[in-house]
Amino acid sequence: MSTAAMPSSASDRLSYWRLVGLLAAATLAMAALSLAVGYAELDLAVALGDWFAGRQSLPALVLVELRLPRAVLGALVGFSLGLAGAAMQGLLRNPLAEPGVVGISGAAAFGAVTMFYSGFAGAFALALPLGGIAGALLAVVLLFSLNGRGAGTMTLILAGVALNSFAGAMTALALNLTPNPYAALEIVFWLMGSLADRSLVHVWLVLPLMLAGWALLLSCAPALDGLTLGEDTARSLGFELSWLRGRLIGGAALAVGSAVAVTGTIGFVGLVVPHLLRPLVGHRPGRLLLASGFGGACLLLAADTLLRLLPIRPELKLGVVTALIGAPFLFGLIQRLRREA
Amino acid sequence: MRIEANRVTVALAGRPILAGIDLSLRPGELVGLIGANGAGKTSLLRVLADLLPPDAGTVLYDGLSAGRLGRRTLARRLAFLAQGGTVQWQMRAEAVVALGRLPHRRPFAGLTAADKAAIGRAFAAADADAFRGRSLDTLSGGERMRVLLARALAVEAEMLLADEPLVGLDPRHQLEAMALFRRIASGGTGIVVALHDLSLAGRFCDRLVLLESGRVLADDVPAAVLDDGNLARAFGIGVARGACDGEAFVLPWRALSEVGPSR
């Protein structure tokens, strides 16, 4: 019996928390970097000093009104996408699942687009996120009614596919029927996802929703571990699957729905980050949740900082950058998996 | 824990899978569940584990329904080993076996000393200690089965329902697994094992339940169940018989063409 290759579970647990701590620290560092990078010249020390002193100076305003919301939302949205991606991959036991797989993100995007289309978006600033949240809510009501009738995971996914295509078609229809080409352009740009020009009001709007969503998703960790051995075994270990699915759908809707509502659709983060971190948590779906959350926050903040450093104006859309980074990365990953197989 | 199944009936897509099954399971008894493919073994085990709700009939655990008992309590008292166990992620064997302790653990608490001791016992019992640190996708089918068996043993439940736990095991490990079930049963655990090896079933089990087309064809001591008539009717086979060290064995010898399994 080889004892050398037998890591004790205590050191195992320690290395897990070390990883989570490392990712959390990296997230903080990326957020600080995001604060430091921007278009306006800003002396961070002066801005912070003015802010703490309560002086409404220009540096303080730039920091609090522009930089801070952008960094905080980047972290919140990235965490939501990474966490929800890991949770959905765990539920479906499929590494191809992404946060919006049950139709939440498509519905949220469509909800926001209706606000553009109806003109509410121009009338008041919070119309967009509220519309997005309403869209996500509608999707959840539909999914819950299916789940309540004893639908299995596969049925929910198929319903999600249908929801996503329907929402996509409705979004296309709205674009099609928009009389004003500038409004259509505005919708298209919004759909690409961005953290630019968001305010602290957006942060306060989505923060409670996201926190509730995170709590729901993280509470599923033991059940997702159990699901590794299949649905029957998970149930025999004491996990009620309809209750689990309900919590995951609710959690994803709260976290991802509100993320899409404030930033538009940002792809690939929720798909790639769990992949990247899975080997580091011993492939355990429960442990992947928290790690993926911080990983997503890191990645999104990095992408958002990168696009501001690139000499391309108007700035690239965040969703475009994450896809530009994410897609080649996914290709590389597939290549590696193919070699290993 | 005693399990009493009364007139359990299950139909899937209008086709009867189980038709009025009566069965009682007692602590300390090793019961072999045998029958042809499609006879209803897996469905019966799933009903007994409260994973498949019967269309009619009841299953009582020490006189209580599963609903009264609660899923979490049942999870501590009854372990289920699924057929052809798939493991989705490339987890290490140690992490997989630790899943068996989930019913005993408070959410998000680490493994207690008692958990670790149970995991150690399970690894030793299933002879899977050598794979502890290995990822499941690097193990052979039989080795993986032993890890999954250890996972089910780690629950240390009063009742163990195992659906074809011998699949993929080499002859030595099949014998050892049956001896292990025998040993655990004599410690007071009730065990039901679905299996296809009639000799192992006859030698190690206290009692055999022979299913045929969703009905219990025979439920008795092995010698009474494994008679030529029953085997011809349930499996459509003729058998060769012998004895070794005073124990009888049964070898499937030829398929009977005239008396096929009635479906």
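Residues numbered from 1 in each chain as written. Chains lettered and ligands numbered in written order. Predicted model: local features only at pLDDT ≥ 70, side-chain atom pairs only at ≥ 80, totals over all residues. Heavy atoms only, no water.

K.L.:
Explain the overall build of chain A to me, using residue names and the numbers behind them.
P.N.:
For chain A, the helix and strand inventory stands at 15 helices and zero strands. The globule rule puts the C-alpha radius of gyration for 341 residues at 20 Å, and the 21 Å found for chain A is close to it. The principal-axis extents of the C-alpha atoms in chain A amount to approximately 65 × 50 × 40 Å. The contacts of chain A with a sequence gap of at least 6 include a subset with a gap of at least 24, amounting to 77%. Of the accessible surface of chain A, which amounts to about 14800 Å², a share of 72% is contributed by carbon and sulfur atoms. (Helix = DSSP H or I, 4+ residues; strand = E, 2+ residues; numbered from the N terminus. Rg over C-alpha atoms; globule rule 2.2 N^0.38 Å. Contact = heavy atoms within 4.5 Å. Areas by Shrake-Rupley, 256 points an atom, 1.4 Å probe, with all protein chains shown as cover.)

K.L.:
Outline the side chain of threonine 322 of chain A, listing residues and values.
P.N.:
Residue and element names in this part refer to chain A. Topologically, threonine 322 is positioned in helix α15 (residues 318-340). Within polar-contact distance, the side chain of threonine 322 engages the backbone oxygen of glycine 267 at 3.1 Å. Not counting residues up to four positions away in its chain, the partners in contact with threonine 322 are Ile266, Gly267, Phe268, Val269, Leu300, Ala303 and Ala327. (Polar contact = N/O pair within 3.5 Å; in protein donor to acceptor, adjacent residues only side chain to side chain.)

K.L.:
Please give an account of the pattern of salt bridges that cites residues and values.
P.N.:
Residue and element names in this part refer to chain B. Here the structure, examined in full by the defined rule, presents 26 salt bridges over all chains. One salt bridge in this structure joins arginine 2 and glutamate 4, with 3.7 Å as the shortest N-O distance. Since its relative accessible area comes to 28%, glutamate 4 is described here as partly exposed. Here arginine 132 ties to glutamate 94 by a salt bridge, and the two come within 3.3 Å at their closest N and O atoms. Of this pair, arginine 132 sits in the loop between α5 (113-125) and α6 (141-154) while glutamate 94 is found in helix α4 (residues 93-98), placing the two residues 38 residues apart along the sequence. Both residues of the pair, arginine 132 and glutamate 94, count as buried. (Salt bridge = Lys/Arg side-chain N within 4 Å of Asp/Glu carboxyl O. Buried < 20%, exposed > 50% of the residue type's maximum accessible area, 1.4 Å probe, protein only.)

K.L.:
Explain the sheet that holds strand β6 (residues 78-81) of chain B to me, and be specific about the residues and the numbers.
P.N.:
Residue and element names in this part refer to chain B. Pairing is mixed across the open sheet formed by six strands, whose spatial order is β6-β7-β8-β3-β9-β10. In the strand order of this sheet, the two ends are held by β6 and β10 (215-220), each with one partner. Here the strands of the sheet are splayed against their neighbours by 15° on average, with no regard to which way each runs. Pairing analysis gives five bridges linking strand β3 (residues 30-35) to strand β9 (residues 207-212), with the strands arranged parallel. The residue of β9 that forms the bridge with glycine 35 is leucine 211. Docked against the sheet, helix α10 (residues 228-235) engages β3, β9 and β10, running at close to 40° with respect to β9. (Pairing = 2+ DSSP bridges. Axes fitted to C-alpha atoms, helices over the stretch in contact; angles between N-to-C directions.)

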